[in-house]
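Listed below are the residues making up each chain.
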Amino acid sequence: MNMIRENAPIRTAVIWSLILIGLGALAGALAPPAHAQDTGQFDQPFDRPQFLIHITGHGTTSGPVTDDQYILYIEEPDANGVFREADGFGGTISYSSDFHTGPLTTPRSVCDAAAAQGLPAQAWTPYNRTNTFDCQLLTGPAPAPTEQPAPAPAEQPAPAGQPAPPEPSIGVQAPARAPESHVLRTIVIEIVEGIAITVILGGVIGAGAKAYRVWRAARIAREVEEATEAVQAVRAARGAFSVSGGIADEEYIRRLLAK
């Protein structure tokens, strides 16, 4: 029974480590591939049209401030390039601009307008919204063109009086082989995952074993202290310490520690 209680911390650490490893493997299997990119979102219309505006400055209580950036806003600047935005306190902030285009109704149209201004592909967020989209997803490398086989030459009929030439032998078609690079990459990934799992499991078990040793040392120290107190109580009751009494005390301590 004592052995079962003493091994409980190690067994608990092993069980929890296996549970964590299983959950990590399940999450990795259910997670979508990192390279999968859905560009269908770029054709979904905004809930309200946006204008791409290059602002050059805005007003503050301390005076005008110079700006130089492109933003998305829901109102078109006037003929002088001025537009206003609510400041959240019942007032407005006036902005000046030197370029704007719109209305833009989809993320794709925003990416096209920004590219026309020479802006690098970047992430944009419609005004007062949180659905950010990244134009870099539209600028990935184009797929390589598929090589078309050359048309086979037309067969010429055999001259009259001559037998037709025999059909050329192409032999037996070899079975398709999996790309060696893909197989090698799969093996390397599995080896790395195995090493990572081993390291994690070893760390968890080591931590559990260390915690158990600390707990065991504290328990022994506590039992020794209790045994010492008990012996002192016995000595006090006897009134005097004798050789036979010392031997009995040591035997009493050994019995307590053997429990």
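Above this note sits the structure.
Residues numbered from 1 in each chain as written. Predicted model: local features only at pLDDT ≥ 70, side-chain atom pairs only at ≥ 80, totals over all residues. Heavy atoms only, no water.

Student: Explain the overall build of the protein chain to me, please; I cannot follow it from the model alone.
Tutor: Looking only at helices and strands, the protein chain has 5 helices and 6 strands in total. What you see in the protein chain, going N to C, is helices and strands ordered as α-α-β-β-β-β-α-β-β-α-α. Expressed as a percentage of the 259 residues in the protein chain, the buried residues total 18%. Of the contacts formed within the protein chain by residues at least 6 apart in sequence, a portion of 56% connects residues at least 24 apart. Just so you have it, the protein chain exposes about 19,400 Å², and 61% of that area is on carbon and sulfur atoms. (Helix = DSSP H or I, 4+ residues; strand = E, 2+ residues; numbered from the N terminus. Buried < 20%, exposed > 50% of the residue type's maximum accessible area, 1.4 Å probe, protein only. Contact = heavy atoms within 4.5 Å. Areas by Shrake-Rupley, 256 points an atom, 1.4 Å probe, with all protein chains shown as cover.)

Student: Sorry if this is basic, but what is going on with the nonpolar core here?
Tutor: The nonpolar side chains of soluble globular proteins are, as a tendency, buried together. Leu52, Val110, Trp124 and Phe133 are the most contacted members of the largest nonpolar core, which totals 13 residues. Among the elements that make up this core, the one with the highest residue count is helix H3 (residues 107-116) (4 residues). Beyond its immediate chain neighbours, meaning those up to four positions away, Leu52 contacts Tyr70, Ile71, Leu72, Phe99, His100, Thr101, Leu104, Ala113, Ala114 and Trp124. Among the nonpolar cores identified, the runner-up in size contains 7 residues, and Phe51, Ile55, Tyr73 and Phe83 belong to it. (Core = buried A, V, L, I, M, F, W, Y, C linked by side-chain atoms within 4.5 Å.)

Student: Would you explain the pairing of strand E3 (residues 82-86) in this entry?
Tutor: Looking along a regular strand, one sees the side chains alternate between the two faces of the sheet. What you see with E3 is a clean split: Phe83 and Glu85 sit on the buried side and Val82, Arg84 and Ala86 on the side with no burial. Relative to strand E4 (residues 92-104), E3 runs antiparallel, the two being bridged by 5 bridges. Residue pairing for E4: Phe83 is matched across the bridge by Tyr95. Taking the residues that link successive antiparallel strands as the turn, the E3-E4 hairpin has 5 residues, and the phi of Gly88 there is positive, at about 85 degrees. (Pairing = 2+ DSSP bridges.)

Student: Is there a simple way to explain the pairing of strand E2 (residues 63-73) in this structure?
Tutor: As paired elements, strand E1 (residues 50-60) and E2 share 9 bridges and run antiparallel to each other. Bridge pairing in E2 links Gly59 to Pro64. Between E1 and E2, which pair antiparallel and follow one another directly, the connecting turn spans 2 residues.

Student: Can you help me understand the environment of Asn80 in this one?
Tutor: Positionally, Asn80 belongs in the loop between E2 and E3. Considering only alpha carbons, one finds Asn80 and Asp98, 18 residues apart in sequence, at a separation of 8.4 Å.

Student: What should I look at first to understand unusual backbone geometry in this one?
Tutor: As a rule of thumb, non-glycine residues mostly have phi less than zero, and peptide bonds are mostly trans rather than cis. Look at the link from Gly102 to Pro103: it is a cis peptide, with omega at 0 degrees. On the secondary structure map, Pro103 appears in strand E4.

Student: What am I meant to see in H3 here?
Tutor: Helical periodicity: at 3.6 residues per turn, an α-helix aligns residues three or four positions apart in one direction. All buried positions along H3 are accounted for by Pro107, Val110, Cys111, Ala113 and Ala114. Burial along H3 is one-sided: seen end-on, the buried residues are contained in an arc of 165 degrees. H3 presents Ala115 and Ala116 as exposed residues on the side facing more than 90 degrees away from its buried surface. Gly118, located one to two residues past H3, shows a positive phi value of around 80 degrees. (Arc of directions from axis to C-beta.)

Student: Just checking my understanding: could you explain the sheet that holds E4 for this structure?
Tutor: Whenever strands of a sheet pair, they do so through backbone hydrogen bonds, lying parallel or antiparallel. A sheet is described by the order of its strands in space; here 4 strands give the open sequence E2-E1-E4-E3, paired in antiparallel fashion. Looking at strand neighbours, the two that pair on one side only are E2 and E3, the edges of this open sheet. Strand-to-strand twist across the sheet, computed as the mean angle between neighbouring axes with direction ignored, equals 30 degrees. As judged from the 7 bridges shared by E1 and E4, these two strands associate in the antiparallel manner. Note that in E4 the partner of Gln50 across the bridge is Leu104. The strands that H3 touches are E1, E2 and E4; relative to E4, the one it contacts most, it runs at about 100 degrees. (Axes fitted to C-alpha atoms, helices over the stretch in contact; angles between N-to-C directions.)

Student: Would you mind showing me how to read the pattern of salt bridges here?
Tutor: Pairing of side chains with opposite charge becomes possible as their charged atoms draw close. Overall, the coordinates contain 3 salt bridges when judged by the stated rule. For Asp47, the salt bridge is made with Arg129, and the minimal N-O distance between the two is 2.7 Å. With a gap of 82 residues between them, Asp47 in the loop between helix H2 (8-30) and E1 and Arg129 in the loop between strand E5 (123-124) and strand E6 (133-134) connect regions that are remote in the sequence. Overall, Asp47 belongs to the exposed group, its relative accessible area being 57%. (Salt bridge = Lys/Arg side-chain N within 4 Å of Asp/Glu carboxyl O.)

Student: What am I meant to see in the packing of aromatic side chains here?
Tutor: Each aromatic ring pair is described using two quantities: the centre-to-centre distance and the angle formed by the ring planes. If you walk through the whole model with that rule in mind, you get 7 aromatic pairs. A network of ring pairs unites the aromatic residues Tyr73, Phe83, Tyr95 and Tyr127 as a single cluster. (Phe/Tyr/Trp six-rings, centres within 6.5 Å; stacked < 30°, edge-to-face > 60°.)

So, to be careful, I would describe these as geometric facts and stop short of saying anything about function.
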